[in-house]
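Listed here are the chains, written in short residue letters.
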Amino acid sequence: MSDKAKLFENYSFLYWSISIVLNMIWVVFILFSLDKAQLAIYYSAENLILPSMFNDLFNNSGSLSAWQLSSSTNFFPDMFFFMIINAIVSDFRVTMLIYSLLQYAGILILANLVVRQLSSNISLNYLAFSNLLIVLLLFVTTLSGSFEFTYNFLSIGHYLGPMIMTLASLLFLLKFLKYNKKRDLYFLFIAGFLGILSNRLFFIMFVLPSLTLFFFISKEEIKKKIIKIFGVVALFTISGYLTLHVLKLAEIVNIAPGIINIADIGSIINSLKIISTQYLVYFYYFDLLSVVIILALLSFILTVYIAAKYYIRIYLRKERHYNVLKAFFLFFLTSMIILVFLRPLLFGFYNGWSYIKHNIHVIYLLVFNYAFIIYYFIRSSKKKRLNIFRKVFYVFFIAVISYTLIFPIRADLGKGASRYFNYTPGHVDCIYNLNQNMHYKYGLAEYSIARSVLLFSNSNAKLIPFAHDSEIINYHFNAEKYYSKLNEHISSSQDIFVIVNAKNNNQVISAMGEPEAMLQCSDSNYRIFSYPSLFLKSTLHFERMREIRLFPPPCHFERMREIPLKLGKVW
């Protein structure tokens, strides 16, 4: 090894540490550089579920059993750590910042630890380079203006939790294969149990890909280890699902039924058209987002190529001497990427560009996998390749640091921080004024409006959410508390109000008549209808029992009048 190569390797821990710190700095930079429109995405109703849950449970004497959770409960790590942080810092905006930062750090460090297990020859410099590539996911916001993409790596309480649990479980699995210590099996069980308990996506991301261990079952020296691992995986999968069922039966938690059906061919084709159009548009503009997608695609091709070479060595050439950890990692990663990417397509629910959140994990993991790919193609004997990598590394490293130093000068981060911590959706103050002037206290509003008013507003107005097609939304909401209060107002003949965004104008006016008021807010215009003065002809019947708490059937604007009448009877 030349003197330059030795010097490069001697500073590898420093480079790796700086690469981690740069990622953390950029998470803060991104959140403090968002304009109002981008903040509306970060503070969207979907991202406010855990803050609103904390507010109800700890500030309004709510109970967890009154909340109807989705079939992906997000107990751990999402709910667990968010509640702890929010209890310490109080302000949900600060909590969201800290949680996004820690969640991102957790994913990055776990990914580093997983790849580090594969070989002692995987230099920290390779990991540092991959960490710098991951920063590009954040740069997409500042250089391409697309926070919608970056948001999916900073969002709270939805699809990043199972990614953390998958990486943690994979780490303990690899450590057991490597060191054969029982404690790693125990940790694998705990991580897997919490993963199954918290999110159904964990089954797709870890349980199914872990079955690729079957490829190595004939290898006598690790056969017993593999059998033990399969036993643990089966045990935590069964016990996790059984625990969920017991919690539901005991009414400790209220979980919406999870329905998994392979979609019909029409839905699959429609989902395929949407995702194809989305990625074609990404490629068409050829900005940094396009580069990130191309890097992920190239990584996938190289990962499959290396995995295929291992498969040929193991099954066609019948080689006995190969690195099981590397081969399994490649088989696991390839199968997991395919399964996660295809899941929303096969189930036919990829109905819009925002649904990239269901499979964006593959982009993150593929970009990070360059640490292994670089190691594989360089290895210690390829001096020429190592010299090329060292030069590319220095150029990229200096470029990222330079942009990190320049960005705060160009962007007013102080003003951005103030914008972040003082952000309030435009409609919140409008509805507060409505509450003050018209004395309405309870009402119905579209989901995104209802969630933000309950959390951001100082008003006493309480809003029940419904979807754009007027279906009442019961999951991730304390329906028991607000529905019963709303019913008390109906019973005492006190007016409630219905807020409808000014979309589908003709349909709304045809069904509900002229609104009592138009609410003009900075973000949109809203139509206000009051009940019981609201007059409609049709009737809505809920076929629902308290014991099972199934979702009500879909309803439409022309049926909206009967929603308040029935609310008290379904609980």
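Residues numbered from 1 in each chain as written. Predicted model: local features only at pLDDT ≥ 70, side-chain atom pairs only at ≥ 80, totals over all residues. Heavy atoms only, no water.

*Asks:* I would appreciate a short explanation of the overall build of the chain in the present structure.
*Replies:* Counting its secondary structure elements, the chain contains 24 helices and seven strands. Taking all 571 residues of the chain together, 56% fall into the buried category. In the chain, 76% of the contacts between residues at least 6 apart in sequence involve partners at least 24 apart. Put simply, the chain shows about 25200 Å² of open surface, and 61% of that area lies on carbon and sulfur atoms. (Helix = DSSP H or I, 4+ residues; strand = E, 2+ residues; numbered from the N terminus. Buried < 20%, exposed > 50% of the residue type's maximum accessible area, 1.4 Å probe, protein only. Contact = heavy atoms within 4.5 Å. Areas by Shrake-Rupley, 256 points an atom, 1.4 Å probe, with all protein chains shown as cover.)

*Asks:* What is the right way to read the pattern of salt bridges from this model?
*Replies:* If the charged atoms of two oppositely charged side chains come close together, the side chains can form a pair. Under the definition given, this model contains four salt bridges. Salt-bridge contacts for Glu46 lead to Lys357; the nearest nitrogen and oxygen are separated by 2.6 Å. Residue Glu46 is located in the loop between α3 (36-42) and α4 (49-59), and its partner Lys357 is located in the loop between α15 (324-346) and α16 (361-368); the two are separated by 311 residues in the primary sequence. Accessibility expressed as a relative area gives 21% for Glu46, which makes it partly exposed. Put simply, Lys219 and Glu221 hold a salt bridge, and the shortest N to O gap is 3.2 Å. Taking the relative accessible area as the measure of exposure, Lys219 reaches 5% and is therefore buried. (Salt bridge = Lys/Arg side-chain N within 4 Å of Asp/Glu carboxyl O.)

*Asks:* Got a minute to help me understand the packing of aromatic side chains in this structure?
*Replies:* Here a ring pair, both rings aromatic, is described through the centre-centre distance and the interplanar angle of the planes. Inspection of the entire model under this criterion finds 68 aromatic pairs. Arranged with centres 5.1 Å apart and planes meeting at 20°, the rings of Trp26 and Tyr403 form a pair that is stacked. Taken together, the positions of Trp26 in helix α2 (residues 12-31) and Tyr403 in helix α18 (residues 383-410) put the pair 377 residues apart, joining distant regions of the chain. For the pair Trp26 and Tyr403, a shared accessibility class is recorded, and that class is buried. Between Phe393 and Phe397 the ring centres are 5.6 Å apart and the planes differ by 15°, which places this aromatic pair in the stacked class. With Phe393 and Phe397 both in helix α18 and four residues apart, this pair spans about one turn of that helix. (Phe/Tyr/Trp six-rings, centres within 6.5 Å; stacked < 30°, edge-to-face > 60°.)

*Asks:* Would you mind showing me how to read the side chain of Thr334 here?
*Replies:* Relative to the elements of secondary structure, Thr334 occurs in helix α15. Residue classification places Thr334 among the buried residues on the basis of a relative accessible area of 14%. Contacts of Thr334, omitting those with residues within four sequence positions, involve Thr303, Val304 and Ala307.

*Asks:* Sorry if this is basic, but what is going on with the packing of α4 against helix α5 (residues 75-89) here?
*Replies:* Packed helix pairs are characterised by how far apart their axes lie and by the angle those axes make with each other. Remark: α4 packs on α5, axes separated minimally by 10 Å, with the N-to-C direction vectors making an angle of 60°. Taken together, α4 and α5 sit at an angle that is classed as oblique. Helix-helix and strand crossings are classified by hand; for α4 and α5 the assignment is right-handed. Note on element contacts: α5 touches α4 through Asp78, Met79, Phe82, Met83, Asn86 and Ala87, opposite Leu50, Pro51, Met53, Phe54, Leu57 and Phe58. (Axes fitted to C-alpha atoms, helices over the stretch in contact; angles between N-to-C directions. Parallel < 35°, antiparallel > 145°, perpendicular 65-115°, else oblique. Left-handed = near helix turned anticlockwise from the far one by under 90°.)

*Asks:* What is the right way to read the confidence of the model for the chain from this model?
*Replies:* A low pLDDT score tells you not to read the predicted coordinates there in detail. With 76% of its residues at a pLDDT of 70 or more, the chain shows a mean pLDDT of 82. This model gives residues 532-571 a pLDDT under 50, and the stretch forms 88 contacts once residues within four places in sequence are excluded. (pLDDT = per-residue confidence, 0-100.)

*Asks:* Teacher, can you tell me more about the nonpolar core here?
*Replies:* For soluble globular proteins, nonpolar side chains are generally found buried alongside one another. Counting residues in hydrophobic clusters, the biggest one holds 169 residues, and the most contacted among them are Tyr42, Phe216 and Ile363. Here Tyr42 is in contact with Leu31, Leu34, Asn47, Met96, Leu97, Ser100, Phe147, Tyr151, Leu154, Ile156 and Tyr420, once residues within four sequence places are set aside. (Core = buried A, V, L, I, M, F, W, Y, C linked by side-chain atoms within 4.5 Å.)

*Asks:* How do you make sense of helix α19 (residues 413-421) when you look at a structure like this?
*Replies:* Looking only at α19, the buried set comprises Leu413, Gly416, Ala417 and Tyr420. Projection of α19 onto a plane perpendicular to its axis shows the buried side chains occupying an angular sector of 100°, all on one side. Across from the buried face of α19, at angles greater than 90 degrees, the exposed residues are Gly414 and Lys415. Turning to α19, the residues buried within the fold contact α2, α3, α6 (92-118) and α18. (Arc of directions from axis to C-beta.)

*Asks:* I'm lost on the environment of Phe393 in this one. Help?
*Replies:* Assessed through its relative accessible area of 0%, Phe393 is described here as buried. Excluding anything up to four places from it in sequence, Phe393 contacts Phe8, Tyr15, Asn125, Ala128, Phe129 and Leu132.

*Asks:* I keep staring at the side chain of Ser335 and nothing clicks. Help me out?
*Replies:* One can find Ser335 in helix α15. Separated by 2.9 Å, the side chain of Ser335 and the backbone oxygen of Phe332 make a polar contact. Not counting chain neighbours up to four residues away, the residues in contact with Ser335 comprise Pro209 and Thr212. (Polar contact = N/O pair within 3.5 Å; in protein donor to acceptor, adjacent residues only side chain to side chain.)

*Asks:* Where do I start with unusual backbone geometry in this structure?
*Replies:* Excluding glycine, most residues fall at negative phi; most peptide bonds, likewise, are trans. Between Phe76 and Pro77 the backbone carries a cis peptide bond, its omega angle lying at 0°. Mapped onto the fold, Pro77 is located in helix α5. We note that Asn180 has phi near 60°; this positive angle belongs to a residue other than glycine. By the secondary structure assignment, Asn180 is in the loop between α9 (161-179) and α10 (182-198). Positive phi, close to 55°, is recorded for Lys318, a residue that is not glycine. With respect to the element layout, Lys318 can be found in the loop between α14 (288-316) and α15. On the accessibility criterion, Lys318 (57% relative accessible area) is exposed.

*Asks:* Help me understand the packing of α6 against helix α7 (residues 124-144) in this model?
*Replies:* Running from N to C, α6 and α7 cross one another at 150°; their axes reach a closest spacing of 11 Å. By the angle between their axes, α6 is roughly antiparallel relative to α7. Crossing angle aside, the handedness with which α6 passes α7 is right-handed. Together, Tyr104, Leu108, Asn112, Val115 and Arg116 of α6 and Leu124, Leu127, Asn131, Ile134 and Leu138 of α7 make up the contact between the two elements. The residue makeup of the contact of α6 with α7, split by class, is seven nonpolar, two polar and one charged. (Nonpolar A, V, L, I, M, F, W, Y, C, P; charged D, E, K, R; others polar.)

*Asks:* What should I look at first to understand the environment of Tyr159 in this one?
*Replies:* Note on placement: Tyr159 falls in the loop between α8 (147-151) and α9. By relative accessible area, Tyr159 is classed as buried at 18%. With near-sequence residues (within four places) excluded, Tyr159 lies in contact with Leu201, Lys357, His358 and His361.

*Asks:* Please clarify how a nonpolar patch on the surface should be interpreted in this entry.
*Replies:* Residues Phe80, Phe81, Ile84 and Ile88 make up a contiguous nonpolar surface patch of roughly 400 Å² in combined accessible area. Position of Ile88 among the secondary structure elements: in helix α5. With relative accessibility at 65%, the residue Ile88 sits in the exposed group. (Patch = residues over 30% accessible without salt bridge, like charges linked within 9 Å, V, L, I, M, F, W, Y side chains within 5 Å.)

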